[in-house]
Amino acid sequence: KHINKETGEVMWNELKQTVQYAVRFQDNVIDATPYFFDENKEQQLGERRVGMGSIGLAEMMIYKKVKYGSPESTAFIDQLYQFIAVTAYETSIELAREKGAFSKFEADKFLQSGFMKNMPGYIRDLVAKYGIRNVTIMTQAPTGTVGTMVGTSTGIEPFFSWTYFRKSRLGVHEEKIKLAADWLEKNNGEELPDYFTTAMELMPEEHVKVQAAVQRWTDSAISKTCNAP
């Protein structure tokens, strides 16, 4: 949703706005949630922990003609997720200025974490001055069901295969990934370019390099499946 499919250019302004909306939305959910136990309410309002993830990374890189797991891909992923994380932190700092930091916030302890030491200096300075609304903001969930439902790559994973059999209550049926099927139709059935890569062609080391690039900008949990040939 945030890349020009013709030119492969990331639409940075649209991505920035999406991240800003997502952080504010998730913070609002904390206040809208009914808490059935006082302990849960106290814990969540004390930390205001949220976890914004992503979906469709592998599809985005295909539009960029960048092979998943390559050195070029990890350099791009580092740039992309730094942009997302820094925007998310800017937004949470704005929220702290508007509504107050999470109640357990202690600037010195917060800034001592390895994650915060990796953040740009101006973000650290803003946190020290104004606080931050949420103790964590970024996570990377698997999104397997959602990704399959909307027809894109799941979480930070590559596509599993361009065709595969799926078993459901209606029986077994063949799935074809539209992105690859459309390319083949447009190019008279020529072989897919090497940047159309799947889990069946990747080495475990390539999965790890992608995970490391994303993990650098993820302050909470991360899900990565190393499907290997």
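Residues numbered from 1 in each chain as written. Predicted model: local features only at pLDDT ≥ 70, side-chain atom pairs only at ≥ 80, totals over all residues. Heavy atoms only, no water.

A. Structural view of the overall build of the protein. Secondary structure summary: the protein contains 10 helices and two strands in total. Taken from the N to the C terminus, the helices and strands of the protein come in the order α-α-α-α-α-α-α-α-β-β-α-α. When each of the 229 residues of the protein is scored for burial, the buried share is 43%. Restricting the contact set of the protein to residue pairs at least 6 apart, pairs at least 24 apart contribute 71%. When the accessible surface of the protein is split by element, carbon and sulfur atoms take 52% of a total near 13100 Å². Here the protein contributes 27 positively and 30 negatively charged side chains, and the mean placements of these two sets differ by 3 Å. (Helix = DSSP H or I, 4+ residues; strand = E, 2+ residues; numbered from the N terminus. Buried < 20%, exposed > 50% of the residue type's maximum accessible area, 1.4 Å probe, protein only. Contact = heavy atoms within 4.5 Å. Areas by Shrake-Rupley, 256 points an atom, 1.4 Å probe, with all protein chains shown as cover. Lys, Arg positive; Asp, Glu negative; His and termini not counted. Charge placed at Lys NZ, Arg CZ, Asp CG, Glu CD.)

B. Summary view of unusual backbone geometry. Unlike most non-glycine residues, R48 shows phi in positive territory, near 50°. Residue placement: R48 occurs in the loop between α2 (38–47) and α3 (57–63). Look at R48 and you get buried, because its relative accessible area is 5%. With a phi angle near 50°, T143 is a residue other than glycine that sits in the positive phi range. With respect to the element layout, T143 can be found in the loop between α7 (121–130) and α8 (144–150). Owing to a relative accessible area of 23%, T143 belongs among the partly exposed residues under this scheme.

C. Main features of the packing of helix α4 (residues 71–99) against α7. Taken N-terminus to C-terminus, the directions of α4 and α7 make an angle of 15°; their axes are 10 Å apart at the nearest point. Relative to α7, α4 is oriented roughly parallel. For the pair α4 and α7, the sense of crossing is left-handed. Note on element contacts: α7 touches α4 through Y122, I123, L126, V127 and Y130, opposite V86, Y89, E90, I93, A96 and R97. In terms of residue class, the contact of α4 with α7 is built from nine nonpolar, no polar and two charged. (Axes fitted to C-alpha atoms, helices over the stretch in contact; angles between N-to-C directions. Parallel < 35°, antiparallel > 145°, perpendicular 65-115°, else oblique. Left-handed = near helix turned anticlockwise from the far one by under 90°. Nonpolar A, V, L, I, M, F, W, Y, C, P; charged D, E, K, R; others polar.)

D. Layout of the pairing of strand β1 (residues 163–168). The pairing of β1 with strand β2 (residues 171–176) spans six bridges and is classified as antiparallel. Along β2, the bridge assignment pairs Y164 with E175. If you look at the hairpin formed by β1 and β2, you'll find two residues sitting between the two strands. (Pairing = 2+ DSSP bridges.)

E. View of the pattern of salt bridges. All chains considered together, the criterion is met by 11 salt bridges. Where E98 meets R24, a salt bridge forms, and the shortest distance between an N and an O atom there is 2.6 Å. With E98 in helix α4 and R24 in helix α1 (residues 12–32), this pair connects stretches of sequence that are 74 residues apart. Since its relative accessible area comes to 25%, R24 is described here as partly exposed. In this structure, the salt-bridge partner of R49 is E47, at a minimum N-O distance of 3.1 Å. Given a relative accessible area of 17%, E47 falls into the buried group. Counted as one network, the salt bridges with shared partners bring together D27, D31, R48 and R133. (Salt bridge = Lys/Arg side-chain N within 4 Å of Asp/Glu carboxyl O.)

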